Amino acid sequence: MTLPAALAMCAHCGVGIELGARFCCAGCSAAFDTINGLGLGQFYTRLVRDPALVPNRPEPTDRWDLARCVTTDNAGQHSLTLAVDGLQCGACVWLIETALGREPNVIKSRVNMTTRRLQLGWTGDVTDGGRLVGLVEKLGYRLVPFDAARLAAAADRTGRELIWAMAVAGFAAGNVMLLSVAIWIGQSQGMGPAVRDALHLVSALIALPAISYAGRPFFRSALAALRARRTNMDVPISVGVILVTTFSLFETMAGAGDAYFDSACTLLFFLLIGRVMDHRARGRARATAEQLLALRHSDVTVIAPDGTTEPRAAASVAPGARILVAMGSRIGVDGVVELGSAPLDTSLVTGETLPVLAVPGTAVFAGTINLGATLTVLCTASGAGTLLAECVRLIEVAESRRGRFVELADRVARRYAPTVHLAAALTFLGWWGLGHATVEHALLTACAVLIITCPCALALAVPAVQVLATQRLFQRGILLKSATALERLAKVDAVVFDKTGTLTVPLPELVADPSRDPADLVAAAQLTAGSRHPLARALLVASGPVVAAEAVREVPGRGMELGDTRLGSSAFVGVKNPPPADGPELWFVRPNRRPVRFRFAEALRPAARETIATLARMRIGASVLSGDRSASVSAIAGQCGIAAWQGECTPVDKFTAVEAMRRGGRQVLMVGDGLNDAPSLAAASVSMSPTSAAELSQTIADVVFQGSGLDAVSETIAVARRAEAIMRGNIALAIGYNVLMVPLAMAGLVTPWLAAAAMSSSSLLVLGNSWRVRK
Amino acid sequence: MTSILGLILLSLALGVCALVAFLWSLRAGQYDDMDGAASRILFDDHPPKR
């Protein structure tokens, strides 16, 4: 017998289903009815499904504590921002906005496709928000509210300032350049000095306020660097711009010679474009990482003294509070089990694959998942004894030791700034002292040197490549959060992997068994379709789409039953003397049939072997540090082809191992997902986390990657190396330009139009070269 | 000479208009959702405004 092939598509969410059925589940059927009931049936004709995205399938949702997320203005208008999961295309935007717009008290409903967020505004009762959120959830989307305080903190002031500065610089550059072209052409056609001076004066009137406004980001950074007795790229930029402007102003006042206002404005404009792009690319990567984190977030159910329950943000739960942890949900706080007993999935915290049984008195940690019956947990103070506190302490140690990474651009600036300023000084002395020129003429030539060397191309050399590389990785689902991550990644010569959840996928995989009747698998999967237990979900993944059986009873922590058919632990289904378990397993028992055993094992992430092989070709050594038992670490390491491994590591062991490698002169990339990896992520030269990782780990990691394939690791390093090579090429190009032009400037042969042409062409050349990173 | 000055002032005024228009559109959030704007134009019946 073969598995039933998926021949039809669910009429709502498009998931493959058996022929004859219309919907994959009751939720989709209800959503379909709701949408048609609202008269919005055109949605289905407009919908363009993207198989790579999460389907818009209604799922049982958590209850939210909306109160902390809603802001109310003086006019009594409440507003709320929510992350939306399940958006497929513009039709979903239309559906959500139209459905909400029909509610009489909704005054704003706007879905942002780029950030995948819904902004909701309504009047009247605050608590009506819950009903509105429920309405969208019924349509098949998952909504998670954003904390009002966190949204305010994320408001992008820097980005706004940069764009305003860019707009002003662009305005000034365009208009001053128009006047300058008139001057250059007029000079060759006998324009009188009076007109020229007037045009210079107008240029000055535009350029001075524009430069003093648009240059502030550079001046501030340069000042900060000088105060700390360092130099960065902004120092020569600021010195150049200020000197050029002052000099041009004096020339204009004196009614003589050349003015370089156009060069100063264009320089700022080009640089600001680079900064804005850089900021946007990383801002987008960071916002996406935040969105993914928010979608995994869930509130904690707190039991009030009178016995009622209410949802509350995990961070706002006070020590001493009692919380209820339902089956399948994450424990949001550190605490001690008070009531109930259940197996816990602690893999994110300890790296251990097998569930651990928690009984009253067991200490539990935020991040573990309850696989069994509902537990009552007493929240303990996040005191110094908890695992989380220990991790945070280690992270602080690691960050204090890491020291400031000096970017490539700043290393260049350290040599560049003094050289350029020395060249200008020598030019002045040469013309004035040796050449017996007037002080004015000597100054003019020295300033021309500074203008020519003003590092426009050099300042674009690194950010341009970074922007393009960040975008390229972003399209691949790799989110670069740190500005210096690319440069640090390019130097990596050792990669340390965590095992559980990093080398392996978070869900276990059903072990293939040729003696098993495929029909048994389908029959068992029908029982599990409604369960959130990881093994039940793994079984469903293995069986493919099935029609869920009705009236299944789930006994939390033990199994599922439907009449005499049972699926669950050996004790639950009543198997006498089961063979010893070597991993997680499920038993399936039907009347008058032999019990069937489903064994599960950890599965490698896709492309894990190939990734290790690619890394080896790149001369990067891989090793494994895991908190799991040595036997299973050795098995997984062997499957991947990694020779160096160490099992049963505590977070401190991992941390010290990574520290030792770094002291030995290695540049270590740590790839990990668990809370126990967090300190070593911070200790490594650079770090990566999958999006299934613990919140703390994802926050620390420089790079977060989506999707299940491990090849993201080797690809990121490859892109980083290529980017580094192109950055160096760019710097060589920019310096080459200076080597050509500086002698001309020192000889006093540079005129304003030559300066403008040289600067623009070198910048364009550098930008063009940077595009190669996208290949 | 006066005509040149007049024309310069005129061109500057036009430039300032463009700058103000850009900054206004930026403030109004017109660049916040480029992906959404691309598909929004295809909806012929707008959600009812209140």
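The rules behind each value
- Throughout this description, residue numbers start from 1 for each chain and increase along the sequence as written.
- Note on labels: chains are lettered from A, ligands numbered from 1, in written order.
- It should be noted that, the model being predicted, local features are given only for residues of pLDDT at least 70 and side-chain atom pairs only at 80 or more, the latter also being counted only at that level, while totals for whole chains, interfaces and linings use all residues.
- To get the side-chain values, all heavy atoms of the structure are used, and hydrogens and water are removed first.
- In DSSP terms, a helix is any run of H or I states spanning at least four residues, a strand is any run of E spanning at least two, and both are numbered starting from the N terminus.
- Only protein chains enter the calculation, and the probe is 1.4 Å; a residue is then buried if its accessible area is under 20% of its type maximum, exposed if over 50%, and partly exposed in between.
- Per-residue accessibility takes into account occlusion by the displayed protein chains alone, with areas from the Shrake-Rupley method and a 1.4 Å probe.
- Lys and Arg are tallied as positive, Asp and Glu as negative. Neither His nor the chain termini are counted.
- Charged side chains are reduced to one point each, which is NZ for Lys, CZ for Arg, CG for Asp and CD for Glu.
- Should any heavy atoms of two residues lie within 4.5 Å, those residues are considered in contact.
- When two components associate, each loses some accessible surface as probed by a 1.4 Å sphere; the sum of these losses over both components is called the buried area.
- Salt-bridge detection follows one rule: a side-chain nitrogen of Lys or Arg within 4 Å of a carboxyl oxygen of Asp or Glu.
- Polar contacts, as used here, are pairs of N or O atoms within 3.5 Å; protein pairs need one atom able to donate a hydrogen and one able to accept it. Residues neighboring in sequence count only if both atoms are side-chain atoms.
- Joining through side-chain atoms within 4.5 Å is the link that ties buried Ala, Val, Leu, Ile, Met, Phe, Trp, Tyr and Cys residues into a set, and such a set is a nonpolar core.
- Should DSSP find at least two bridges between two strands, the strands are regarded as paired.
- In this document the domain limits rely on a domain assignment from an automatic tool or a database.
- To estimate how far a helix should extend, the number of its residues minus one is multiplied by 1.5 Å.
- Axis geometry follows a simple rule: fit a line to the C-alpha atoms, using only the stretch in contact for helices, then measure angles between N-to-C directions, giving values from 0 to 180 degrees.
- When the sulfur atoms of two cysteines come within 2.5 Å, that pair is taken as a disulfide.
- In this scheme, patches are assembled from residues that exceed 30% relative accessible area and form no salt bridge. Like charges are connected within 9 Å, while nonpolar side chains (Val, Leu, Ile, Met, Phe, Trp, Tyr) are connected within 5 Å.
- Stacked, tilted and edge-to-face are the three classes applied to pairs of Phe, Tyr and Trp rings, where Trp contributes its six-membered ring and a pair requires centres within 6.5 Å; stacked means planes under 30 degrees apart, edge-to-face means over 60, and tilted covers the rest.
- Either the NZ atom of lysine or the CZ atom of arginine qualifies as a charge over a ring when it sits within 6 Å of the ring centre and within 35 degrees of the ring normal.

*Asks:* I'd like a description of the overall build of chain A, backed by residues and values.
*Replies:* Scanning chain A from terminus to terminus reveals 27 helices and 29 strands. Projected onto its principal axes, the C-alpha coordinates of chain A cover approximately 110 × 65 × 55 Å. Counting over 775 residues, chain A shows a buried share of 50%. Of the accessible surface of chain A, which amounts to about 33,200 Å², a share of 60% is contributed by carbon and sulfur atoms. When the 72 positive and 62 negative side-chain charges of chain A are each reduced to one mean point, those points stand 4 Å apart.

*Asks:* Lay out the interface of chain B and chain A with the relevant residues and their values.
*Replies:* Interfaces are frequently sized by the accessible area removed from exposure as the parts join. Listed as interface residues are 26 residues of chain B and, on the opposing side, 33 residues of chain A. Counting each side, the surface lost to burial between chain B and chain A is near 2,400 Å², with a carbon and sulfur contribution of 65%. Our count for the chain B to chain A interface comes out at 1 salt bridge. For Glu97(A), the salt bridge identified is with Arg40(B), shortest N-O distance 2.9 Å. On the surface where chain B and chain A come into contact, there are 7 residue pairs in polar contact (both at pLDDT 80 or more). Elements supplying a minimum of two residues to the side of chain B that touches chain A: α1 (2-27) and α2 (34-40) of chain B.

*Asks:* Describe in detail unusual backbone geometry, supporting the description with residues and values.
*Replies:* Residues and elements named next belong to chain A. The backbone phi angle of Arg 116 is positive, close to 55°, even though this residue is not glycine. Residue Arg 116 is classed as partly exposed on the basis of its relative accessible area of 25%. If you check the backbone angles, Glu 648 has positive phi at about 50° while not being a glycine. With respect to the helices and strands, the residue Glu 648 is situated in the loop between β26 (644-646) and α23 (651-663).

*Asks:* Outline the nonpolar core, supporting the account with residue identities and numerical values.
*Replies:* Membership of the largest hydrophobic core comes to 116 residues, with the highest contact counts inside it found for Val495(A), Phe497(A), Ile642(A), Leu669(A), Val713(A) and Ile717(A). Residues contacting Phe497(A), with those up to four places away along its chain left out, are Thr502(A), Leu503(A), Ile612(A), Leu615(A), Ala622(A), Ser623(A), Val624(A), Leu625(A), Ile642(A), Val671(A), Leu710(A) and Val713(A). Counting residues in hydrophobic clusters, the runner-up holds 49 residues, among them Cys13(A), Phe43(A), Leu143(A) and Phe43(B).

*Asks:* Would you mind going over the pairing of strand β4 (residues 78-85) of chain A in detail, with residue names and values included?
*Replies:* All names here are of chain A. Among the 8 residues in β4, 7 count as buried, and that is most of the element. Note: strand β3 (residues 71-72) against β4, 2 bridges, orientation antiparallel. In the sheet register, Thr 72 faces β4, and the bridge partner there is His 78. The pairing of β4 with strand β7 (residues 142-145) spans 4 bridges and is classified as antiparallel. Note on β7: the bridge partner recorded for Val 84 is Leu 143.

*Asks:* How would you sum up the domain arrangement of chain A? Please name residues and give values.
*Replies:* What the domain assignment reports for chain A is domain 1 (66-154), domain 2 (157-281 + 405-457 + 738-774) and domain 3 (509-601). Computed over C-alpha atoms, the centres of domain 2 of chain A and domain 3 of chain A are 72 Å apart.

*Asks:* How would you explain helix α3 (residues 90-101) of chain A if you had to name every residue and give the values?
*Replies:* All names here are of chain A. When the terminal C-alpha atoms of α3 are compared, their 16 Å separation across 12 residues agrees well with the 16 Å that a helix rising 1.5 Å per residue should span. Taken across its 12 residues, α3 has 12 buried, putting it largely inside the fold. Residues Gly 90, Ala 91, Cys 92, Val 93, Trp 94, Leu 95, Ile 96, Glu 97, Thr 98, Ala 99, Leu 100 and Gly 101 constitute the buried set of α3.

*Asks:* Now, about the sheet that holds strand β22 (residues 565-568) of chain A: what can you tell me, with residues and values included?
*Replies:* All names here are of chain A. The strand order across the open sheet built from 6 strands is β19-β24-β23-β22-β21-β20, with neighbouring strands paired in antiparallel fashion. The open sheet terminates on both sides in strands that have one partner only, identified here as β19 (509-510) and β20 (553-555). In this structure, β19 lies alongside strand β24 (residues 596-601), joined through 2 bridges in antiparallel fashion. Across the sheet, the residue bridging to Glu 509 is Ala 601, located in β24. In this fold helix α19 (residues 534-543) packs onto β19, β22, β23 (585-589) and β24, with an angle of close to 100° to the strand it touches most, β24.

*Asks:* Quick rundown of the state of the cysteines? Include the residues and the values.
*Replies:* Residue and element names in this part refer to chain A. In total, this model carries 0 disulfides over all chains according to the counting rule given. Unpaired in this structure, Cys 13 has its nearest cysteine sulfur neighbour in Cys 28, at a distance of 3.5 Å. By relative accessible area, Cys 28 is classed as buried at 0%.

*Asks:* Explain the pairing of β24(A) residue by residue, including any values.
*Replies:* Residue alternation in β24(A) divides its side chains into a buried set, Val596(A), Phe598(A) and Phe600(A), and an unburied set, Arg597(A), Arg599(A) and Ala601(A). Two successive antiparallel strands, β23(A) and β24(A), enclose a turn made up of 6 residues, where Asn592(A) displays a positive phi of approximately 65°.

*Asks:* Before we move on, could you go through a nonpolar patch on the surface and cite the residues and values that matter?
*Replies:* Residues and elements named next belong to chain A. Taken together, Leu 429, Trp 432, Val 439 and Leu 443 make up a surface patch of nonpolar side chains, about 370 Å² in accessible area. Elements that contribute at least two residues to the nonpolar patch include exactly α13 (408-434) and α14 (439-453). You can see Trp 432 is positioned in helix α13. Its relative accessible area of 42% is what places Trp 432 among the partly exposed residues.

*Asks:* Before we move on, can you summarise the packing of aromatic side chains with the specific residues and values?
*Replies:* Residues and elements named next belong to chain A. Counting across every chain of the model gives 7 aromatic pairs over all chains. Summarising the aromatic geometry, the rings of Phe 32 and Tyr 44 are spaced 4.9 Å apart at their centres and angled 35° between planes, so their arrangement reads as tilted. With Phe 32 in helix α1 (residues 26-37) and Tyr 44 in helix α2 (residues 43-46), this pair connects stretches of sequence that are 12 residues apart. With a centroid separation of 6.4 Å and an interplanar angle of 40°, the aromatic rings of Phe 588 and Phe 598 are classed as tilted. With a gap of 10 residues between them, Phe 588 in strand β23 and Phe 598 in strand β24 connect regions that are remote in the sequence. Here the aromatic cluster, defined as three or more aromatic residues joined through ring pairs, consists of Phe 23, Phe 32, Phe 43 and Tyr 44. The ring of Trp 94 carries the charged tip of Arg 46 above its face, separated from the ring centre by 4.3 Å. Above the plane of the ring of Phe 572 lies Arg 566, whose end atom (NZ or CZ) is 4.7 Å from the centre.

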